[in-house]
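Commentary on secondary and tertiary structure
If you want the building blocks of each chain, they are given just below.
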Amino acid sequence: MFSKKLSLFILLSFLLLSCGNNSGEKIEENNSTKREVEQGLVLYNAVLEQSDSEGKILWRLSTEKAIYTQENKENAILENIKGNLYENGKIILQVSAKKGEVKNEGKEIYLTEEITAFDNRNKTEFKSNNVLWKPEENIMLIEGEEGITANHPKVVVKAKQANYNTKNQLLELDKNVLATTKNPSLQLKTTHLYWHIPDDKIIGNNPLEMVRYDEQKVVTDTLKSNQVEIDLDLN
C-alpha cells in the first residue's frame, strides 16, 4: 500500500481542501473543482511514493494534479507527471508524462502521452505514448501507435512494442524493429531483437536485413540473415 508519508499528505491536503475557499465568490469561480472534490479527493502539486517491505523507496512521483474517485480510492489519476525509480536508494530511472494512473496499491503505474524515460546508468532515453510500469517486477511495457524510440550515444532503435527490464537493463523489441548504429553507419530491420545495454550487445534470432552506409549515406553493403550479434564496442 502507499507509504505512511503519502497517507499523511493526503489527509492534510483533504483538510485544507475542506476548510479552505469559504467565500461564495471563490466557490462560484471553481465549480468544476468543487464537483471533482465531491466525487472524491483532488490534490494539487502532490508527491506520491512507494517503499518496499524493508522501507526502501521504490519510486516517487510528483504530479500537478491527483484525483482519487469514490468508486476506487486505491487508484490515483495523475496529470503532468515527473518521477524517479530507485534502486538501493539511488535514482536509476527518471520519467515524465502528461497523464497517468497509479493502480493496484502502487504496483502498476500507467503512463500516457509524451512519455520520456531516461536511464541514468546507461544514458539511454526512451520515448513513447503508452507505458505500463511495474516497479516491483522491474518491468516497463512500452507500446503505442507511434511505438517506441530509444536513443543511445551508439545506437537508435525503434519498434512497435518493447519490454524493458530495469534490473538487468535488457530491452526486448518486437514488431517493425529498426536499429541504426552511428559509427559505422549500419541499419538493421527485423521483427524481434534483444539489446543488452550494459554489454553493448544487440542480438537477433529472426530473419533480418542489414544495410551498411558510407560517410555520404550511400549504401555499400546489404546482408540478409536469420541471426545476428552486433558488438557496439567494436563499432
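Parameters and conventions
Residues numbered from 1 in each chain as written. Predicted model: local features only at pLDDT ≥ 70, side-chain atom pairs only at ≥ 80, totals over all residues. Heavy atoms only, no water. Helix = DSSP H or I, 4+ residues; strand = E, 2+ residues; numbered from the N terminus. Buried < 20%, exposed > 50% of the residue type's maximum accessible area, 1.4 Å probe, protein only. Contact = heavy atoms within 4.5 Å. Areas by Shrake-Rupley, 256 points an atom, 1.4 Å probe, with all protein chains shown as cover. Phe/Tyr/Trp six-rings, centres within 6.5 Å; stacked < 30°, edge-to-face > 60°. Core = buried A, V, L, I, M, F, W, Y, C linked by side-chain atoms within 4.5 Å. pLDDT = per-residue confidence, 0-100. Pairing = 2+ DSSP bridges.

Here we take up the overall build of the chain. Helix and strand content of the chain: three helices and 16 strands. In the chain, which comprises 235 residues, the share counted as buried stands at 38%. Restricting the contact set of the chain to residue pairs at least 6 apart, pairs at least 24 apart contribute 41%. Accessible surface for the chain amounts to roughly 13300 Å². Of this, 48% is attributable to carbon and sulfur atoms.

So, on to the packing of aromatic side chains. Taken as a whole and assessed by the stated rule, the structure comprises one aromatic pair. Measuring from ring centre to ring centre gives 4.6 Å for Phe126 and Tyr164, while their planes differ by 40 degrees; the resulting arrangement is tilted. Here the residue Phe126 occupies a position in strand S6 (residues 124-134), and Tyr164 occupies one in strand S10 (residues 161-165), the gap between them amounting to 38 residues. Residue class for Phe126 comes out buried when judged on its relative accessible area of 4%. On the basis of relative accessible area, Tyr164 is assigned to the buried category, the value being 0%.

This paragraph deals with the nonpolar core. Formed by 49 residues in total, the largest nonpolar core has its most connected members in Leu61, Trp133, Leu171 and Trp195. In contact with Trp195, other than residues within four places in its own chain, are Thr124, Ala150, His152, Val155, Val157, Gln169, Leu170, Leu171, Lys201, Ile202 and Leu232.

Trans is the prevailing form of peptide bonds, just as negative phi is the prevailing case for residues other than glycine. One non-glycine residue with positive phi stands out, namely Asn45, at about 50 degrees. Within the element layout of this structure, Asn45 appears in strand S1 (residues 40-51). What makes Asn45 exposed here is its relative accessible area of 59%. Although it is not a glycine, Asn80 adopts a positive phi angle of roughly 50 degrees. Along the chain, Asn80 turns up in strand S3 (residues 76-87).

A separate point is the confidence of the model for the chain. Per-residue confidence for the chain gives a mean pLDDT of 82, with 82% of residues at or over 70. Low pLDDT, under 50, characterises residues 1-35; the predicted model gives this stretch 34 contacts beyond four residues in sequence or across chains.

Looking now at the environment of Pro198. The residue Pro198 is located in the loop between strand S12 (186-196) and strand S13 (201-204) in this model. With relative accessibility at 41%, the residue Pro198 sits in the partly exposed group. Sequence separation of Pro198 and Gln169 is 29 residues, and the distance between their C-alpha atoms is 6.8 Å. Sequence-distant contacts of Pro198, that is, excluding residues within four places in its chain, are made with Asn168 and Gln169.

What follows concerns the environment of Thr149. Along the chain, the position of Thr149 falls in strand S8 (residues 148-151). Ignoring sequence-local partners within four residues, the contact set of Thr149 consists of Glu125, Phe126, Lys127, Val156, Val157 and Lys158.

For a regular strand, side-chain orientation follows a simple rule: the groups alternate between the two sheet faces. As paired strands, S1 and strand S2 (residues 57-69) are joined by 11 bridges and run antiparallel to one another. Within S2, the position partnered with Glu49 by the bridge is Arg60. Counted along the chain from S1 to the antiparallel partner S2, the turn is five residues long, and its residue Gly55 has a positive phi close to 90 degrees. One ladder, built from eight bridges, connects S2 with S3; its direction is antiparallel.

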